[in-house]
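# Coordinate inspection notes
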Amino acid sequence: MRILVVGTGGVGSAFARIARRRSFFDHCALADVDATRPASLLPALDDGRFSAHAIDASSADAVIALIRETRADAVLNAVDPRFNVPVFGACFAAGVTYLDMAMTLSEAHPRNPYEDVDVKLGDHQFERAATWEEKRLLALVGIGVEPGASDVFARHAADELFSEIDEIGVRDGASLTVEFAPTFSIWTHSRSA
């Protein structure tokens, strides 16, 4: 398996450090708009399976070109979710597996932002599910800390901690004010809350 990681901030660099200890992949291309970020990871990784690249995640064409250059089978989108649409689209066009930390963002209703729903979190991706299925492609969206970690914890509890579970309820912060939330992009929280 050949992987392209788009974004080498906190999540992308953490993925690289964990992946280094695994044997499931042949190559992992690390890419960021700031080419020094992935390049600075390579010495610490000390693993010939990794390479560093520059990428403009706002350009689907640039993402497609790097998918082809690196011969990626799967793309892990670890950039700010504002760039999910072009990266998601590029993966579909290139015919590769897509994984992201946070779904496409919600958008407030243009005239009644507090009364009416316009675009919900993930709508852009969910609306395209059938076309991905028709092309026999896999897209795993929203696998980051929220809701991804909650799902993992719930599954662990069901498999390892309890003999029976009637219900698991996962609650988000809703209208809470979060002064500091290091586990996910502040832009995701502020746009989707």
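Whatever comes next refers back to the structure up there.
In what follows, the accompanying structure is described. In this text, all values refer to a predicted model and were calculated from it rather than measured experimentally. (Residues numbered from 1 in each chain as written. Predicted model: local features only at pLDDT ≥ 70, side-chain atom pairs only at ≥ 80, totals over all residues. Heavy atoms only, no water.)

## Some words on a negative patch on the surface
On the surface, a cluster of negative charge is made up of Glu107, Glu115, Asp116 and Asp118. Mapped onto the secondary structure, Asp118 falls in strand 7 (residues 117-119). (Patch = residues over 30% accessible without salt bridge, like charges linked within 9 Å, V, L, I, M, F, W, Y side chains within 5 Å. Areas by Shrake-Rupley, 256 points an atom, 1.4 Å probe, with all protein chains shown as cover. Salt bridge = Lys/Arg side-chain N within 4 Å of Asp/Glu carboxyl O. Lys, Arg positive; Asp, Glu negative; His and termini not counted. Charge placed at Lys NZ, Arg CZ, Asp CG, Glu CD. Helix = DSSP H or I, 4+ residues; strand = E, 2+ residues; numbered from the N terminus.)

## Thoughts on the environment of Phe24
As for its placement among the helices and strands, Phe24 is situated in the loop between helix 1 (10-19) and strand 2 (27-32). On the basis of relative accessible area, Phe24 is assigned to the partly exposed category, the value being 44%. A C-alpha to C-alpha distance of 9.4 Å links Phe24 and Arg2, two positions 22 residues apart in sequence. In this structure, Phe24 is in contact with Met1 and Ile3, ignoring residues within four places of it in sequence. (Buried < 20%, exposed > 50% of the residue type's maximum accessible area, 1.4 Å probe, protein only. Contact = heavy atoms within 4.5 Å.)

## Here's the deal with the pattern of salt bridges
Counted under the stated rule, the structure contains 6 salt bridges. The residue Asp47 makes a salt bridge to Arg49 at a minimum N-O spacing of 2.9 Å. The partner of Glu127 in a salt bridge is Arg128, with the nearest N and O atoms 3.6 Å apart. Accessibility expressed as a relative area gives 32% for Arg128, which makes it partly exposed.

## Thoughts on helix 3 (residues 60-70)
By the burial criterion, the buried members of helix 3 are Val63, Ile64, Leu66, Ile67 and Thr70. Each buried residue of helix 3 lies within a common arc of 165° when the element is viewed along its axis, so the set occupies one face. Counted as exposed and oriented over 90 degrees from the buried face of helix 3: Asp61, Arg68 and Glu69. On its buried face, helix 3 sits against strand 1 (2-6), strand 2, strand 3 (50-54), strand 4 (74-77) and helix 4 (84-94). Following helix 3 by one or two positions, Arg71 adopts a phi angle in the positive range, close to 55°. (Arc of directions from axis to C-beta.)

## Focus: the sheet that holds strand 8 (residues 139-140)
Across the sheet, 6 strands lie side by side as 3-2-1-4-5-8; this open sheet has parallel pairing. Two strands close off the open sheet at either side, each with one partner strand: strand 3 and strand 8. Sheet strands in contact with helix 1 are strand 1, strand 2, strand 3 and strand 4, and its direction is about 155° off that of strand 1. On top of the sheet, helix 2 (residues 36-45) reaches strand 2 and strand 3; it is set at about 170° to strand 3, its chief contact. (Pairing = 2+ DSSP bridges. Axes fitted to C-alpha atoms, helices over the stretch in contact; angles between N-to-C directions.)

## Looking at unusual backbone geometry
Look at Arg71: it is not a glycine, yet its phi comes out positive at around 55°. As for its placement among the helices and strands, Arg71 is situated in the loop between helix 3 and strand 4.

In short, the description is geometric, and any link to function would need to be established separately.
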